[in-house]
Amino acid sequence: MTTAPRTEEAAPVRLPRPRTGGPAARRPSRRRGSAWTPWLYLLPALVVLGGLLVYPIYQLGLISFLEYTQAQVSGGEPTSFQGLGNYTALFSDPQFRQVLLATVLFAAACVVTTLAVGCALAVLLTRIRALPRLALMLAALGAWATPAVTGSTVWVFLFDPDFGPVNRVLGLGDFSWTYGRYSAFALVLFEVVWCSFPFVMVTVYAGIKAIPSEILEAAALDGASQWRIWRSVTAPVLRPILVVVTIQSIIWDFKVFTQIYVMTSGGGIAGQNLVLNVYAYQKAFASSQYSLGSAIGVVMLTVLLAVTLVYLRLLRRQGEEL
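Scoring rules and cut-offs
Sequence positions are assigned chain by chain, starting from 1 and proceeding in written order. Only residues with pLDDT of at least 70 are given local features in this predicted model, and only at 80 or more are side-chain atom pairs given and counted; all residues enter the totals for whole chains, interfaces and linings. Excluding hydrogens and water, the side-chain values take into account all heavy atoms of the structure. The helix count covers DSSP runs of H or I at least four residues long, the strand count covers runs of E at least two residues long, and both are numbered beginning at the N terminus. Pairs of residues are marked as contacts when any of their non-hydrogen atoms sit within 4.5 Å. Using the Shrake-Rupley algorithm and a 1.4 Å probe, accessible areas are obtained, with residue cover drawn only from the displayed protein chains. Relative accessibility decides the category of a residue: with a 1.4 Å probe and only protein chains considered, values under 20% of the type maximum give buried, values over 50% give exposed, and everything between is partly exposed. The set of buried Ala, Val, Leu, Ile, Met, Phe, Trp, Tyr and Cys residues whose side-chain atoms join them within 4.5 Å is what this entry labels a nonpolar core. Pairing of aromatic side chains requires ring centres within 6.5 Å, counting the rings of Phe and Tyr and the six-membered ring of Trp. Pairs whose planes differ by under 30 degrees are stacked, by over 60 edge-to-face, and all others tilted. By the criterion adopted, a ring carries a charge over it if an Arg CZ or a Lys NZ lies within 6 Å of its centre and within 35 degrees of its normal. In this analysis, the expected span of each helix is defined as 1.5 Å times one less than the number of residues it contains. We define the bend at each residue as the angle formed by axes fitted to the 7 residues ending at it and the 7 residues starting at it. Note on geometry: axes are C-alpha line fits, over the in-contact stretch for helices, and angles between N-to-C directions span 0 to 180 degrees. Angles below 35 degrees are treated as roughly parallel, those above 145 as roughly antiparallel, those between 65 and 115 as roughly perpendicular, and all remaining angles as oblique. Should the near helix be turned anticlockwise from the far one by less than a right angle, the crossing is left-handed, and should it be turned clockwise, the crossing is right-handed. Under the scheme applied here, ten amino acids are nonpolar (Ala, Val, Leu, Ile, Met, Phe, Trp, Tyr, Cys and Pro), four are charged (Asp, Glu, Lys and Arg), and all others, including Gly, are polar.

Caption draft 1: Representation of the overall build of the chain. A tally of helices and strands in the chain yields 15 helices and two strands. In the chain, the proportion of contacts linking residues at least 24 apart, taken out of those at least 6 apart, comes to 66%. Just so you have it, the chain exposes about 20,700 Å², and 65% of that area is on carbon and sulfur atoms.

Caption draft 2: Highlighting the side chain of T246. Looking at where T246 falls in the secondary structure, it is placed in helix α12 (residues 239–254). Not counting the four nearest positions on each side in its chain, T246 is found in contact with L115 and Y311.

Caption draft 3: A look at the environment of L216. Mapped onto the elements, L216 comes out in helix α10 (residues 213–221). Assessed through its relative accessible area of 24%, L216 is described here as partly exposed. Sequence separation of L216 and V233 is 17 residues, and the distance between their C-alpha atoms is 7.5 Å. If we skip the residues at most four places from it in the chain, L216 touches I211, I229, V233 and T234.

Caption draft 4: Seen up close, the nonpolar core. Within the largest apolar cluster, 55 residues are counted, with the highest numbers of intra-cluster contacts made by F106, V204 and I296. Residue assignment for this core shows that the elements contributing at least two residues are α4 (85–91), α5 (94–125), α9 (181–210), α11 (226–237), α12, α13 (258–263), α14 (276–286) and α15 (290–317). The biggest single contributor to this core is α9, with 13 residues. V204 has contacts with C119, A122, W230, L238 and L242, leaving out every residue within four places of it along the chain.

Caption draft 5: Focus on the packing of aromatic side chains. Counting across every chain of the model gives 18 aromatic pairs. Look at W144 and F199: their rings are 5.8 Å apart centre to centre, the planes differ by 50°, and that puts the pair in the tilted class. Here the residue W144 occupies a position in helix α6 (residues 130–145), and F199 occupies one in helix α9, the gap between them amounting to 55 residues. Judged by relative accessible area, which is 16%, F199 ranks as buried. Both rings, one in F199 and one in W252, keep their centres 5.2 Å apart while their planes meet at 65°; by these two values the pair is edge-to-face. Residue F199 is located in helix α9, and its partner W252 is located in helix α12; the two are separated by 53 residues in the primary sequence. For W252, a relative accessible area of 30% corresponds to the partly exposed category. One aromatic cluster is present, formed by Y68, F257, Y261, Y281, F285 and Y290 through successive ring pairs. Just above the ring of Y182 sits the side chain of R181; from NZ or CZ to the centre is 5.9 Å.

Caption draft 6: Quick peek at helix α2 (residues 37–64). Under the 1.5 Å per step criterion, the end-to-end length of α2 is 39 Å for 28 residues, consistent within 8% with the ideal 40 Å. The principal kink in α2, of about 45°, is found at L43, preceding the proline P44 by one to four residues. For α2, the complete set of buried residues consists of G61, I63 and S64. Each element contacted by the buried residues of α2 is listed here: β1 (66–67), α4 and α15.

Caption draft 7: Structural detail: the packing of α6 against α9. Axis separation between α6 and α9 bottoms out at 7 Å; the angle between their running directions is 135°. Viewed along their axes, α6 and α9 adopt a mutual orientation that is oblique. Where α6 crosses over α9, the two elements pack in a sense that is left-handed. Facing α6, whose interface residues are R133, M137, A140, L141, A143 and W144, α9 presents W194, C195, F197, P198, F199, M201, V202 and Y205. Looking at side-chain class alone, the contact of α6 with α9 contains 13 nonpolar, no polar and one charged residues.

Caption draft 8: Main features of α12. In this model α12 runs 22 Å from its N-terminal to its C-terminal C-alpha over 16 residues, within 8% of the 22 Å that 1.5 Å per residue would give. Considering only its buried residues, α12 is in contact with α5, α9, α11, α14 and α15.

Caption draft 9: Structural detail: the environment of A71. Note that A71 resides in helix α3 (residues 70–74). Overall, A71 belongs to the partly exposed group, its relative accessible area being 23%. Each residue touching A71, except ones within four places of it in the same chain, is listed here: G76 and E77.

And the structure:
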């Protein structure tokens, strides 16, 4: 009787242990240290922005709680603490409430019109050939780069009742656009949109070009119209970009100053075209009520922060990531 030969069992393979304090052990510490590297690069810019933004905002808030007029500036009277007295006087002023409402409505109209024109032209850029596209982008960037004072002066000349070509083309005769309240606001709105839509157009156009063409082609093959493709495909993909341009437009249009001041000669007839920025300028520098002007600035800052935070909160509720 024969027995089967015994087979030797293979010895288990032992992997070498990493040494304590070697590269594998030091790697987590490197990762923790590298997390602070971006902040070190951003530190100089943060210091500069802190000096340019934090300190002026602090001074603005401080003056809004004081009695600070020309008498205090010249040293004739001591500065006294007023608490919320300036804000109480401000909100009890019917002119301030009227100017605040006009500013909100005017800014909303400017934002909606700017977004509509910018998005429409961004879609148009994807439909035309290279040479017309280049011409349109150069013209738009020229409008964007034009200083606000220069652009406002040109628009006032174009709509001048005596020498402006617009009234002649439209057959309006000697109609004065800056005489009526709503026509003056409409004229300023045209100029604000003219110098603001290029930012929206270029940003949205860059976002559209980043969308894979297969998605748009599939929607077109399914029979979707251009408006349906924009509303159901393009706009949802571009939502983070639209958030940025919307918030930026709100900030720009809510604090419009130069266009109103130049085109309506400081706020229109009897202050009918005043907005908060021009109203704050008149209170602070024309009337030497610096504390009231600072209080208006704090109100503007608070409104802009509230609008931005509410808008971002609504987007987070919808599950959007910025």
